[in-house]
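# Structural description and commentary
This is what each chain is made of:
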Amino acid sequence: MRQNRRQFISTASVGAGTLFIPSWLRAGFSGHSPNAQINLGVIGTGKQANGLFKRMSKMPEARVVAACDVYASNLERFVATAATTYAEQAGGGNDSAPATYSDYRRLLDHPDLDAVLIATPDHQHAQMCIDALDRGLHVYCEKPLAHTIEEGRTIVEAVKRSGKVLQTGSMQRSMRSFQRAVELIRAGSIGELSEAIVSIGVPARTFDLPAQPVPAGMDWKAWVGPSVSRPFHTNLAPGSDQRMWAKWRDFAEYGGGMITDWGAHMFDIVQWARDKDTSGPTQFFPSGGDAQFGLTMFYDDGFKVEHRQFGRGNAVRFIGSKGTLDVSRGFIDSSIPGLVGYNDTNASMSTSANVIHFQEFFDAILKGKEVSCPAETGHRTSSMCTLANIAYRLRRPLIWDPATERIANDRAANKLLGPAYRMSLA
């Protein structure tokens, strides 16, 4: 057994779903061997990364050995937390802090790195994913997978080229309420499905914040990266002393509004329930005027999806010939008496969905298992969200071809499928 740790991990995960562990090694592998531990690098150390680390740090399969951020205060806080956590787990010691980097490309060169967690703003996802995959690293990337449709397809191609694992952070697929909803929908429990209503917030808008001084320790040029330059504002990148969620999500230059932020969760459930993980809607009809709700989408079989609120927060309502089924992170219920029971609404969640989602990722790397939200799935959901944003922005119908990934009825709209979607905002 002279394979080193990285050779083992690389061998175990070749093909992203096909297991190539020799029988002599597999027989003695428990999944918790120190030699099989995944060395993980974290890119983007803001609020989301800190929350994920809190859960992941209790899992024996992986250890954060490197971290990167363009904002020094955020990086320092994250590394201090990681060092304290690992020191406590080890019963003391001062060698527990991850290595720090301000340039993600240098992090990718960290010795014996196996995988990366990407928790940056959306506009940075594509290049980071591709660079990591091309260097032979596995990737866990927060949703939405990409900021543009062409970027998403390029990520999918990079996964195929590398043979590495990619898990999109659409962790609702690891939550029991949504799993149960999909089971019931696919079983025909609410009858023939005709429509889904997705209740989330509004589309992206163009940047409109006043300029503020760039704080010490912030490399604003690196934060903007491949997108168009806009002035610094603390709402875009809060420091470690602020509790707010960053609002870069609201602006088309860097995110996709709530259409991608929550849509990457809720539209994803529609895609999953209908077994459309390699496809998507083909028609998009925006509402009139400047309305930010009311967009309707149709799949090629006539199934309708409407973006509007129905008074239950971020949720999905499925409408069938026998009744309706509503699902969110806080509930699952139905208009059909007795369809949803106590075990559906109160399933044990002693293990969080994020932990389950990470476990899938780690098992895919170490044991060759499949993940629930691979690159193609994440790409198709983010494509659905991006097309909704484009339809809202242009205020005209779009006919989408999921096979060619082009807009068939609007040549000008096709320019918004790639980086021009950002550049056109300049």
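Anything mentioned here points back to the structure above.
This write-up is about the structure you can find in this document. None of these values were measured; they are calculated from a predicted model. (Residues numbered from 1 in each chain as written. Predicted model: local features only at pLDDT ≥ 70, side-chain atom pairs only at ≥ 80, totals over all residues. Heavy atoms only, no water.)

Bringing the overall build of the protein chain into the picture now. Of the regular secondary structure elements, the protein chain holds 15 helices and 15 strands. Burial analysis of the protein chain (426 residues in total) assigns 56% to the buried set. Counted over contacts in the protein chain with a minimum sequence separation of 6, partners at least 24 positions apart contribute 71%. Of the roughly 17500 Å² that the protein chain leaves accessible, carbon and sulfur atoms contribute 50%. (Helix = DSSP H or I, 4+ residues; strand = E, 2+ residues; numbered from the N terminus. Buried < 20%, exposed > 50% of the residue type's maximum accessible area, 1.4 Å probe, protein only. Contact = heavy atoms within 4.5 Å. Areas by Shrake-Rupley, 256 points an atom, 1.4 Å probe, with all protein chains shown as cover.)

Here we come to the sheet that holds strand S10 (residues 304-307). What the nine strands build is an open sheet, ordered S13-S12-S11-S7-S10-S9-S8-S14-S15; its pairing is mixed. Of all strands in the sheet, those bounded by a partner on one side alone are strand S13 (332-334) and strand S15 (406-407). Bridge count between strand S8 (residues 283-285) and strand S9 (residues 296-298): three bridges; the pairing is antiparallel. Across the sheet, the residue bridging to Phe285 is Thr296, located in S9. Running over the sheet, helix H11 (residues 263-273) touches strand S7 (193-199), S9, S10 and strand S11 (315-320) and is turned about 35 degrees from S11. (Pairing = 2+ DSSP bridges. Axes fitted to C-alpha atoms, helices over the stretch in contact; angles between N-to-C directions.)

Taken in spatial order, the six strands of this open sheet run S3-S2-S1-S4-S5-S6, and their pairing is parallel. With one partner strand each, in any of the chains shown, strand S3 (99-101) and strand S6 (166-168) form the two edges of the open sheet. Each strand of the sheet is rotated relative to its neighbour by a mean of 25 degrees, with strand direction disregarded. In this sheet, S3 lies alongside strand S2 (residues 62-68) in parallel orientation, the contact comprising three bridges. Each bridged residue has a counterpart across the sheet, and for Ala67 the counterpart in S3 is Thr100.

It is worth spelling out the side chain of Asp114 at this point. Secondary-structure assignment places Asp114 in the loop between helix H5 (104-107) and strand S4 (115-118). What makes Asp114 buried here is its relative accessible area of 3%. Polar side-chain contacts of Asp114 include one of 2.8 Å to the backbone nitrogen of Asn39. (Polar contact = N/O pair within 3.5 Å; in protein donor to acceptor, adjacent residues only side chain to side chain.)

Turning to the packing of aromatic side chains, a few remarks are in order. In this structure the tally under the stated criterion is twelve aromatic pairs. Relative to Tyr86, the ring of Phe53 has its centre 5.6 Å away and its plane inclined at 90 degrees; by these criteria the two rings are edge-to-face. You can see Phe53 sitting in helix H3 (residues 47-56) and its partner Tyr86 sitting in helix H4 (residues 72-90), a full 33 residues away along the chain. Among the residues examined, Phe53 registers a relative accessible area of 3% and is labelled buried. In this structure Tyr86 comes out as buried when scored by relative accessible area, which is 4%. For the ring pair Phe358 and Phe362, a centre distance of 5.8 Å and an interplane angle of 20 degrees mean the geometry is stacked. (Phe/Tyr/Trp six-rings, centres within 6.5 Å; stacked < 30°, edge-to-face > 60°.)

Glancing now at unusual backbone geometry. With the exception of glycine, the majority of residues adopt a negative phi angle, and the majority of peptide bonds are in the trans configuration. Pro144 follows Lys143 through a cis peptide bond whose omega is -15 degrees. For Pro144, the location among the structural elements is in the loop between strand S5 (138-141) and helix H7 (149-162). For Asp275, which is not a glycine, the phi torsion comes out positive at approximately 55 degrees. Examined against the element boundaries, Asp275 turns out to sit in the loop between H11 and S8. On the basis of relative accessibility, which here comes to 57%, the residue Asp275 falls in the exposed class. A positive phi angle, near 60 degrees, is found at Arg395, a position not held by glycine. When you line up the elements, Arg395 lands in the loop between helix H14 (375-394) and strand S14 (398-401). For Arg395, a relative accessible area of 31% corresponds to the partly exposed category.

What follows concerns the nonpolar core. If you look at the biggest cluster of nonpolar residues, it comprises 47 residues, and the most contacted ones within it are Val270, Val305, Phe318 and Leu325. Those elements that place two or more of their residues in this core are helix H8 (176-186), S7, H11, S11, strand S12 (324-327), H14 and S14. Ile38, Ala119, Val355 and Ala364 belong to the second-largest nonpolar core, a separate cluster that totals 30 residues. (Core = buried A, V, L, I, M, F, W, Y, C linked by side-chain atoms within 4.5 Å.)

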